[in-house]
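This is what each chain is made of:
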Amino acid sequence: CARGACLVRCRRRLYDLSGFVRLHPGGEQLLRRRAGTDVSAALEGPPHRHSANARRWLEQYYVGEMEPGEEQVPPARGIAGCSRGHGCAEPAGCPGAPLCRVHRDLVDWQKPLLWQVGYLGEKYDEWVHQPVDRPIRLFHSDILESLSKTAWYVVFMVWAPVVLYLSWVSYTSLAQGNTRLFSSFTAEYSIPVHKYYFPFIFLLGMFLWSLLEYLIHRFVFHMKPPASNYYLITLHFLLHGQHHKSPFDSSRLVFPPVPASLVIGFFYGVLRLLLPEVLGLSVFVGGLCGYVIYDMMHYYLHYGSPKKGTYLYGLKAYHIKHHFEHQKSGSFGISTRFWDHPFQTLIPEETFKKED
Ligand SMILES: [Zn+2]
Ligand SMILES: [Zn+2]
Ligand SMILES: [Zn+2]
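Residues numbered from 1 in each chain as written. Chains lettered and ligands numbered in written order. Predicted model: local features only at pLDDT ≥ 70, side-chain atom pairs only at ≥ 80, totals over all residues. Heavy atoms only, no water.

- The name that an unreviewed UniProt entry assigns to the protein chain is FA2H hydroxylase, with the source organism given as Chordeiles acutipennis.
- Quoted straight from UniProt, the Subcellular location (unreviewed entry) entry for the protein chain says "Endoplasmic reticulum membrane". (UniProt positions renumbered as here; feature names shortened; annotations may be inferred.)

Here it is as structure tokens:
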């Protein structure tokens, strides 16, 4: 279908995917080609067998049943066929009865979520890993709420100048030629660090970041909070749970600069303690650059529509698998799959078994 409306059906049930089609992990083009058709077979695959979460996700776009005998879906039918008489409290965005299961959720979506999730206890883990397509409100306070949101370009605008400035500082101080490695242990055998080493030290920093990205995502963000601990559940939700509950909330995809600067400051301190002054700074600035690339890429993997067959297309499918199927078991690498290999959390490409 055209740019705009995109309706599909699954047997007799109609879905309006106009708002979702760009985000489809299997590619926008693939889904658009199926507009107006029955997707029930395509959901089974090949190329991809859709997860239970993906099917639950589809139900959010339900707009109504098809009338008997009506074979073809009109390309822009709109939501005329929708049955709204289900007495749901939510005024808008609630076209069909199945969506009401979403409304009768374990939490009250009309109220801020942050102080509710802790009460979910044992149910929290399952709840948080069932993604929904709706924005999250965390706080009562409008000020706190706006501080908890960040547009993707803010991360770039805040940190890119820092990367450029610190790169210049590192390079010019290396150029003075008095930086030596191991000079605190031995004066004779210390190694001079030439200014032309800077790009390599910078790349080393980026490489170390990719490891850190993996470790933080797997062991901090995906640490399972004890069901009885209200505060740890709340903290988990604040750090990463919210992103799994609402993976396409565009204002909550990147890390807000204020809390980020605390974490970044901590790692800066660690590097300064471990390495001679300029070297520590050079590794740090490479790592910071890696972080900025990671955050931009993570945003793109959720919101971009990469062409089939490209590197980013594969990476997007890989990351969406982390969100919909393997939330706890794998695909922890976001800007690269590299570290999933040694840590054995790589989710292999789908080898499709035909059902008999
Ligand atoms: Zn409803
Ligand atoms: Zn994500
Ligand atoms: Zn995650």
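1. Considerations on the sheet that holds strand β3 (residues 62-65)
Piece 1. Within the open sheet, the three strands sit side by side as β1-β2-β3. Their pairing is antiparallel. On the outer flanks of this sheet lie β1 (7-10) and β3, each paired with one strand and no other. In this sheet, neighbouring strand axes are inclined to one another by 30 degrees on average, regardless of whether the strands run parallel or antiparallel.
Piece 2. Sheet topology note: the strand β2 (residues 13-16)/β3 ladder contains three bridges and is antiparallel. Residue pairing in the sheet places Y15 in a bridge with Y62 of β3. (Pairing = 2+ DSSP bridges. Helix = DSSP H or I, 4+ residues; strand = E, 2+ residues; numbered from the N terminus. Axes fitted to C-alpha atoms, helices over the stretch in contact; angles between N-to-C directions.)

2. Digging into the nonpolar core
Piece 1. Core analysis: the largest hydrophobic core is formed by 32 residues, its most contacted members being W159, I264, F284, L288 and Y291.
Piece 2. Counting residues per element, the ones that place at least two in this core are α7 (152-175), α8 (198-221), α10 (257-274) and α11 (277-303).
Piece 3. Ranked by residues supplied to this core, first place goes to α11 with 15 residues.
Piece 4. The residues contacting F284, other than those within four sequence positions of it, are L166, I264, Y268 and L271. (Core = buried A, V, L, I, M, F, W, Y, C linked by side-chain atoms within 4.5 Å. Buried < 20%, exposed > 50% of the residue type's maximum accessible area, 1.4 Å probe, protein only. Contact = heavy atoms within 4.5 Å.)

3. Let's talk about α7
Piece 1. Relative to the 34 Å expected for 24 residues at 1.5 Å per residue, α7 spans 35 Å between its end C-alpha atoms, a close match to the ideal helical length.
Piece 2. Those residues of α7 hidden inside the fold are in contact with α8, α10 and α11. (Expected span 1.5 Å × (residues − 1).)

4. Some remarks on the UniProt feature "transmembrane region" (unreviewed entry) in the protein chain
Piece 1. Per the UniProt record, "transmembrane region" (unreviewed entry) is found at residues 151-171, 196-216, 253-275 and 281-301.
Piece 2. Along residues 253-275, the helical share is 78% and the strand share 0%, with 33 Å between the first and last C-alpha atoms.

5. With respect to helix α12 (residues 311-324)
Piece 1. Helix length check: α12, at 14 residues, gives a terminal C-alpha distance of 20 Å against a target of 20 Å (1.5 Å per residue), a fit within 8%.
Piece 2. Counting buried positions over the 14 residues of α12 gives eleven, a clear majority of the element.
Piece 3. For α12, the set of buried residues is Y313, G314, L315, K316, Y318, H319, I320, K321, H322, H323 and F324.
Piece 4. Contacts from the buried residues of α12 go to α3 (52-59), α8, α9 (230-245) and α11.

6. Let's talk about the pattern of salt bridges
Opposite charge on two side chains makes pairing possible when the charged atoms of those side chains draw close.
Piece 1. A complete count under the given rule lists nine salt bridges for this structure.
Piece 2. Across the salt bridge formed by R55 and E44, the nearest N and O atoms sit 3.2 Å from each other. Within this pair, whereas R55 is found in helix α3, its partner E44 is found in helix α2 (residues 40-44), the two being separated by eleven residues in sequence.
Piece 3. For K111, the salt bridge goes to D108, with nearest N and O atoms at 3.2 Å.
Piece 4. Where salt bridges share partners, they join R13, E59 and E65 into one cluster. (Salt bridge = Lys/Arg side-chain N within 4 Å of Asp/Glu carboxyl O.)

7. With respect to the environment of T179
Piece 1. As for its placement among the helices and strands, T179 is situated in the loop between α7 and β4 (180-181).
Piece 2. For T179 and P276, which are 97 residues apart along the polypeptide, the C-alpha to C-alpha distance reads 7.8 Å.
Piece 3. Other than its neighbours up to four places away in sequence, T179 contacts S173, L174, I191, P192, V193, V278 and L279.

8. Regarding the coordination of the zinc ion (ligand 2)
Piece 1. In the first shell of the zinc ion (ligand 2), the protein supplies H243 (NE2), H298 (NE2), H302 (NE2), H319 (NE2) and H323 (NE2), at 2.0 to 2.2 Å from the metal.
Piece 2. Spacing between the donor residues of the zinc ion (ligand 2) along the chain follows H-x54-H-x3-H-x16-H-x3-H. With H302 in helix α11 and H323 in helix α12, this residue pair connects regions lying 21 residues apart in the sequence. For the pair formed by H302 and H323, the shared burial category is buried. (Donors = N, O, S within 2.8 Å, 3.2 Å for Na, K, Ca; no water.)

9. Examining unusual backbone geometry
Phi is mostly negative for residues that are not glycine, and the peptide bonds are mostly trans.
Piece 1. Non-glycine residue S331 carries a positive phi angle of around 55 degrees.
Piece 2. Checked against the element boundaries, S331 lands in the segment after α12.
Piece 3. The exposure class of S331 is buried, given its relative accessible area of 0%.

10. Focus: the packing of aromatic side chains
Piece 1. Applying the stated rule across the entire model yields 27 aromatic pairs.
Piece 2. Here Y119 and Y230 contribute two aromatic rings whose centre-to-centre distance is 4.9 Å and whose plane-to-plane angle is 55 degrees, an arrangement assigned as tilted. Residue Y119 is located in the loop between α4 (99-103) and α5 (124-128), and its partner Y230 is located in helix α9; the two are separated by 111 residues in the primary sequence.
Piece 3. The class of Y119 is exposed, set by a relative accessible area of 68%.
Piece 4. A residue is classified by how much of its surface remains accessible, and Y230, at 18% relative accessible area, is buried.
Piece 5. Ring centres of W127 and F237 lie 5.8 Å apart, and the angle between their planes is 40 degrees; this geometry places the pair in the tilted category. On the criterion of sequence distance, the pair formed by W127 in helix α5 and F237 in helix α9 is long-range, its members being 110 residues apart.
Piece 6. Note on W127: relative accessible area 2%, which makes it buried. (Phe/Tyr/Trp six-rings, centres within 6.5 Å; stacked < 30°, edge-to-face > 60°.)

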